[in-house]
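# Examining the three-dimensional arrangement
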Amino acid sequence: MNRRRRVYEGKAKVLYEGPEPGTLIQHFKDDATAFNAKKHALIEGKGVLNNRISEIIFQRLGEIGVPTHFIKRINMREQLIREVEIIPLEVVVRNIAAGSLATRLGLEEGTALPRSIIEFYYKDDKLNDPMVSEEHITAFGWAAPGEIEELMSLALRINDFLIGLFLGIGIRLVDFKVEFGRMWENENMRIVLADEISPDCCRLWDMTSGEKLDKDRFRRDLGGMLEAYQEVAKRLGVLNENRPPKGAGPVLVASNGTGKQS
Ligand code: TMP
Ligand code: ASP
C-alpha cells in the first residue's frame, strides 16, 4: 500500500501530503468529539457523509466566487485540497441564539438575533479555543486589520449563501464555524475558505419539526447522529438512498430534486 506522509492530524480529519507540491489530501475520520475532545465516540460512516456534504457545499461556494481550498473529491473519505497557511481563528456566524451565545448572554435558544453576528475564537485546544476580539487578533498578529475585514466579508457571503441553500431543503441555519487560510500565488496572497463545512460545525434545525440535524445530537446525547447527517446529505442530493433513516427521523420537507451524484 502507498505510504503517505501525514502532515497533520486533527480530531475529525487527517491531512496527508498531496500528489503535487502545494496540495494535500484531506481525510475525514469517523471520530466525533465535543467539549475539546473530553467526549469522544466513533460514529461509523460519519466521515463519508461529511466528505460528501462538505464537497457539495465548497463546490457551490466556489461557483458563486468564494475562493476555497477544495480541488476535488478523490474517494469516499478523501478530497484533494490546496495547501494553505491556516489562520488560527475559528470564525463563527450566528443567525439564531443557541449554544454558547445563548448561555453567555442568557438568551433562550431559538431566539432570532437582530442581525447576523460574527465571533472570533483563537484556535488553541490547550486554551479551549477562547473567544477573542479584533483587538487581540491584531495585537498578537494572528491576522491583519485588512484580513479581518476580508474574513468578515467572506463569512457573511458564506452565511447568505448557506441560509438560502438550507432553506431550500427545509433546514434553518442557526450558526456555523468556518476556518480560513492564506494561499500564495507568486507574490500575491489570497484568503481562501479552508477546513470543512458539515453538520459537525453547523447548527441545522429542521424547519417543520425543529429537530436538530447536527453535532448537537452527539454533544447533548440525543442519539441518532448518523441518521441526522444522512438526512442532511439526502436533502442536499448527495446520498442516493431511498431507505428512510432508522427510528423516528425528521420528515423530508423538500428536496433540491437533482439527486445528483457529483
Ligand atoms: P458554540 O455555540 O458552541 O460556540 O458553537 C457555535 C458554532 O460553532 C456551532 O455551529 C458549532 C460550531 N463549533 C465548531 O465547529 N467547533 C467548536 O469547537 C465549537 C465550540 C463550535
Ligand atoms: N470541536 C470541538 C471538539 O472536538 C468542540 C465542539 O465541536 O463542540 O471537542
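What counts and what doesn't
Residues numbered from 1 in each chain as written. Chains lettered and ligands numbered in written order. Predicted model: local features only at pLDDT ≥ 70, side-chain atom pairs only at ≥ 80, totals over all residues. Heavy atoms only, no water. Helix = DSSP H or I, 4+ residues; strand = E, 2+ residues; numbered from the N terminus. Buried < 20%, exposed > 50% of the residue type's maximum accessible area, 1.4 Å probe, protein only. Contact = heavy atoms within 4.5 Å. Areas by Shrake-Rupley, 256 points an atom, 1.4 Å probe, with all protein chains shown as cover. Lys, Arg positive; Asp, Glu negative; His and termini not counted. Charge placed at Lys NZ, Arg CZ, Asp CG, Glu CD. Pairing = 2+ DSSP bridges. Phe/Tyr/Trp six-rings, centres within 6.5 Å; stacked < 30°, edge-to-face > 60°. Lys NZ or Arg CZ within 6 Å of the ring centre and 35° of its normal. Near = heavy atom within 4 Å. Polar contact = N/O pair within 3.5 Å; in protein donor to acceptor, adjacent residues only side chain to side chain. Nonpolar A, V, L, I, M, F, W, Y, C, P; charged D, E, K, R; others polar.

Moving on to the overall build of the chain. If you tally the helices and strands in the chain, you get six helices and 14 strands. Along the longest, intermediate and shortest principal axes, the C-alpha atoms of the chain span 50 × 50 × 35 Å. The buried share of the chain, reckoned over its 262 residues, is 52%. Partitioning the intrachain contacts of the chain with sequence separation of at least 6 by distance along the chain shows that 55% fall at a separation of at least 24. A total of about 12900 Å² of accessible surface is found on the chain, and carbon and sulfur atoms cover 52% of it. For the chain, the distance from the average site of its 37 positive side-chain charges to the average site of its 39 negative ones is 4 Å.

Of note in the backbone geometry, F35 takes a positive phi value of approximately 55° without being a glycine. Inspection of the secondary structure assignment puts F35 in the loop between β4 (31-34) and β5 (39-42).

Moving on, we come to the pairing of strand β10 (residues 112-122). It is a general feature of regular strands that their side chains alternate between the two faces of the sheet. For strand β9 (residues 89-96) and β10, the ladder comprises seven bridges, and the chain directions are antiparallel. Bridge assignment links V93 to a residue of β10, and that residue is I118. Relative to strand β11 (residues 131-132), β10 is paired through two bridges, and the arrangement is antiparallel. Paired with F120 across the strands is V132, a residue of β11.

Attention shifts here to the pairing of strand β1 (residues 6-9). Bridge analysis of β1 against strand β2 (residues 13-17) gives three bridges, and the strand direction is antiparallel. Its bridge partner lying in β2, E9 is registered against V14.

A few words on the packing of aromatic side chains. Enumeration over the complete set of coordinates arrives at two aromatic pairs. In this structure, R4 packs its charged tip against the face of Y16, placed 4.2 Å from the ring centre. Lying over the aromatic face of F218, K39 brings its terminal NZ or CZ to 5.0 Å of the ring centre.

With that settled, the discussion passes to the site of ligand 2. Around ligand 2 lies a shell formed by K11, T33, A34, F35, N36, A37, K215 and R219. At a separation of 2.6 Å, an oxygen atom of ligand 2 approaches a polar backbone atom of N36. Contacts to ligand 2 include R219, whose side-chain N or O atom sits 2.6 Å from an oxygen atom. When isolated, ligand 2 has an accessible area of 270 Å², and the protein chains bury 73% of it. Of the residues that constitute the shell around ligand 2, the class distribution is three nonpolar, two polar and three charged.

Honestly, it's all geometry; don't read function into it.
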